[in-house]
2 protein chains.
Amino acid sequence: MEKKELLYEGKAKKLYETDDPDLLWVEYKDDATAFNGEKQEVLAGKGRLNNVLSSMLFATLDEAGIPSHFERKLSDTEQLVRKTDIIPLEVVVRNVVAGSLHRRTGTAEGIELKEPVVEFYYKDDELGDPLINEDHIRMLEAAQPEQLSGMRTQALAVNEALKHHFGQHGLLLVDFKLEFGTTADGNLLLADEISPDTCRLWDEKTREKFDKDVFRYGLGSLQEGYTKILKRLGGA
Amino acid sequence: MEKKELLYEGKAKKLYETDDPDLLWVEYKDDATAFNGEKQEVLAGKGRLNNVLSSMLFATLDEAGIPSHFERKLSDTEQLVRKTDIIPLEVVVRNVVAGSLHRRTGTAEGIELKEPVVEFYYKDDELGDPLINEDHIRMLEAAQPEQLSGMRTQALAVNEALKHHFGQHGLLLVDFKLEFGTTADGNLLLADEISPDTCRLWDEKTREKFDKDVFRYGLGSLQEGYTKILKRLGGA
Ligand SMILES: Nc1ncnc2c1ncn2[C@@H]1O[C@H](COP(=O)(O)OP(=O)(O)O)[C@@H](O)[C@H]1O
Ligand SMILES: Nc1ncnc2c1ncn2[C@@H]1O[C@H](COP(=O)(O)OP(=O)(O)O)[C@@H](O)[C@H]1O
Ligand SMILES: [Mg+2]
Ligand SMILES: [Mg+2]
């Protein structure tokens with residue numbers, strides 16, 4: 001596999017073409033950003049931690065029968081993925097109240113939800129990734145109705161698998177964000193990353209935060225938090 | 001019918017008990033508020049205009065087979081309504097992009113939607129009446145699933161009836177907000193008001209604004225705008 005031109009550079013990753021038109025070479029960067037890019041820092045080792053964790057989590061999902069764009073890990077900071085046409089929606093699944101759900105509804109942070117809550121955000125940095133509903137999605141033609149229900153179903157399946165997986169290692173999966181794309185043959189496929197950048201993970205007992213909130217709210221060392229997650233999951 | 005104790009005073013109306021426990025006496029006030037109460041003014045005659053218009057519009061809906069809490073007009077500024085237990089949701093229906101839909105989605109103001117967009121806002125002044133989705137509504141226990149689908153169906157029926165009615169008088173129904181309640185026997189019932197305070201109404205051709213946006217954005221005299229609507233609909 002050969003790395004070709006840079007296709008796209010985001011806040012956390014670089015995507016390169018490869019000699020296979022269906023595959024992309026992803027490089028995880030050390031950049032940390034929060035609040036729609038307002039807070040920004042370079043944190044040595046973050047790229048590796050996210051790439052290793054994302055690779056492990058996609059492999060876990062694969063074992064649970066949930067396909068994704070993940071093909072294989074290429075190096076400490078790189079992985080090979082299936083190229084998709086990204087649907088401009090962030091799909092958030094929540095098990096416990098935190099962050100914007102607390103601010104939006106006034107419900108206390110830490111309350112465990114009876115049933116998971118699914119949210120769709122419109123992927124648009126200029127608009128600040130606003131929450132939208134299914135009528136807005138239809139209006140914006142951001143996704144077809146069957147894609148929307150597919151994303152919801154898959155996101156809930158991912159939640160069940162990851163909640164169980166993290167739970168086995170004493171971690172509480174508070175919430176997480178997914179992105180989906182469509183492949184060349186038109187199928188919906190789980191894409192992007194699953195990492196402590198995109199999940200909230202708390203210690204099941206002490207409720208210590210190990211995820212990007214450590215960086216967002218200046219609670220300590222991001223790398224220490226991410227390393228704790230990695231160790232709990234049996235990685236290094 | 002006798003007016004008894006004040007039950008509740010809101011930003012636009014006062015609700016009184018009556019000698020019939022199922023009926024409320026509503027007094028429309030001259031107060032105008034916008035931006036969640038940040039902008040505030042007393043505008044003489046506004047209460048009458050809203051009461052007369054709301055009474056006419058509820059009567060129009062009744063003729064179209066859509067029931068509501070409206071019983072009858074009592075005076076220039078008062079009406080009798082059925083008492084309900086208000087569901088803490090504002091149901092917004094939109095035909096044309098304006099206001100927060102423009103800000104949320106970046107879609108240009110004035111664009112006509114192919115299909116109406118329905119939105120639910122959580123009625124909570126402290127939270128600023130945030131947009132929520134159906135999962136949030138379930139989580140907050142703000143409405144039962146069958147109430148939610150009932151509200152959606154009824155709101156779309158109201159939209160068809162009012163769009164047609166305003167259209168016959170050269171007015172474009174851009175969007176509007178409804179509130180629903182449950183009656184003593186547990187049935188869903190359209191409540192609150194339908195007035196230029198709660199609708200956006202533009203001249204079909206010139207797109208001149210006649211509704212509360214005139215006050216929100218200081219475009220001229222609110223009473224002049226509301227009077228134009230009333231005259232178009234054949235009232236005085
Ligand atoms: N399989 C894929 N095919 C195409 N694009 C992808 C795929 N997986 C992720 N992407 C996109 O890669 C871009 C770069 O990722 P990232 O740096 O996280 O971006 P962002 O700054 O938008 O968070 C994102 O826009 C993401 O949607
Ligand atoms: N039929 C009804 N039964 C009980 N409450 C009602 C009914 N119709 C409207 N209301 C409530 O009357 C209150 C007063 O109205 P308003 O002054 O417009 O309040 P607000 O300041 O919340 O906009 C609102 O909370 C509204 O939900
Ligand atoms: Mg990203
Ligand atoms: Mg009101």
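Residues numbered from 1 in each chain as written. Chains lettered and ligands numbered in written order. Predicted model: local features only at pLDDT ≥ 70, side-chain atom pairs only at ≥ 80, totals over all residues. Heavy atoms only, no water.

## Here we look at the interface of chain A and chain B
Next, step 1: Opposite the 27 residues of chain A that make contact, chain B presents 27 residues.
Next, step 2: Carbon and sulfur atoms make up 54% of the area that chain A and chain B hide from each other, which totals about 2,100 Å².
Next, step 3: Of the charged contacts in the structure, one is a salt bridge between R138 of chain B and E115 of chain A, with a shortest N-O distance of 3.6 Å.
Next, step 4: Mapped onto the side of chain A that touches chain B, the elements with two or more residues apiece are α2 (99–105), β10 (112–122), β11 (131–132) and α3 (134–140) of chain A.
Next, step 5: Per element, the largest residue contribution to the side of chain A that touches chain B is eight residues, and it comes from β10 of chain A.
Next, step 6: The residue makeup of the side of chain A that touches chain B, split by class, is 13 nonpolar, five polar and nine charged. (Contact = heavy atoms within 4.5 Å. Buried area = accessible area lost by both parts, 1.4 Å probe. Salt bridge = Lys/Arg side-chain N within 4 Å of Asp/Glu carboxyl O. Helix = DSSP H or I, 4+ residues; strand = E, 2+ residues; numbered from the N terminus. Nonpolar A, V, L, I, M, F, W, Y, C, P; charged D, E, K, R; others polar.)

## Focus on the sheet that holds strand β7 (residues 78–82) of chain B
Residues and elements named next belong to chain B.
Next, step 1: Strand order across the open sheet formed by five strands is β1-β2-β3-β7-β6, with antiparallel pairing between neighbours. Two strands lie at the open edges of the sheet, namely β1 (3–9) and β6 (70–75), each paired on one side alone. Taking the axes of each pair of neighbouring strands and ignoring which way they run, one obtains an average angle of 30° across the sheet.
Next, step 2: Pairing of strand β2 (residues 13–18) with strand β3 (residues 23–28), which is carried by five bridges, proceeds in the antiparallel orientation. Opposite L15, over in β3, you have V26 as the bridge partner. (Pairing = 2+ DSSP bridges. Axes fitted to C-alpha atoms, helices over the stretch in contact; angles between N-to-C directions.)

## A closer look at the confidence of the model for chain A
Residues and elements named next belong to chain A.
Next, step 1: Looking at chain A, pLDDT values average 97 and 100% of them are 70 or higher.
Next, step 2: Taken element by element, the predicted model of chain A shows its lowest mean pLDDT in strand β4 (residues 31–34) (95) and its highest in strand β9 (residues 89–96) (99).
Next, step 3: Model confidence for the complex is summarised by a pTM of 0.97, with the ipTM given as 0.97. (pLDDT = per-residue confidence, 0-100.)

## Observations regarding the site of ligand 1
All names here are of chain A.
Next, step 1: With respect to spatial proximity, 18 residues lie near ligand 1, and among them K11, K13, H69, R82 and E179 are the closest.
Next, step 2: K13 is positioned such that a nitrogen or oxygen atom in its side chain is 2.7 Å from an oxygen atom of ligand 1.
Next, step 3: The separation between a nitrogen atom of ligand 1 and a polar main-chain atom of D192 is 3.1 Å.
Next, step 4: Its free accessible area being 560 Å², ligand 1 has 88% of it covered by the protein chains.
Next, step 5: Every element with two or more residues in the shell around ligand 1 is listed here: β2 (13–18) and β7 (78–82).
Next, step 6: Partitioned by chemical class, the residues of the shell around ligand 1 number seven nonpolar, three polar and eight charged.
Next, step 7: Taken together, domain 1 (3–82) and domain 2 (85–221) each give at least three residues to the shell around ligand 1, which thus spans both. (Near = heavy atom within 4 Å. Polar contact = N/O pair within 3.5 Å; in protein donor to acceptor, adjacent residues only side chain to side chain. Areas by Shrake-Rupley, 256 points an atom, 1.4 Å probe, with all protein chains shown as cover. Domains from an automatic or database assignment.)

## What about the relation of the copies chain A and chain B?
Next, step 1: When chain A is fitted to chain B, the residual RMSD is 0.0 Å, and the transformation amounts to a turn of 180° plus an axial shift of 0.0 Å. The two molecules are tied by a two-fold rotation axis, judged by turn and shift. Among all residues of chain A, the minimum C-alpha distance to the rotation axis is found for N133 of chain A, at 3.0 Å.
Next, step 2: In this assembly the copies share their binding face: 100% of the residues contributing to the interface of chain A also contribute to that of chain B. (Least-squares fit on C-alpha atoms with pLDDT ≥ 70 in both.)

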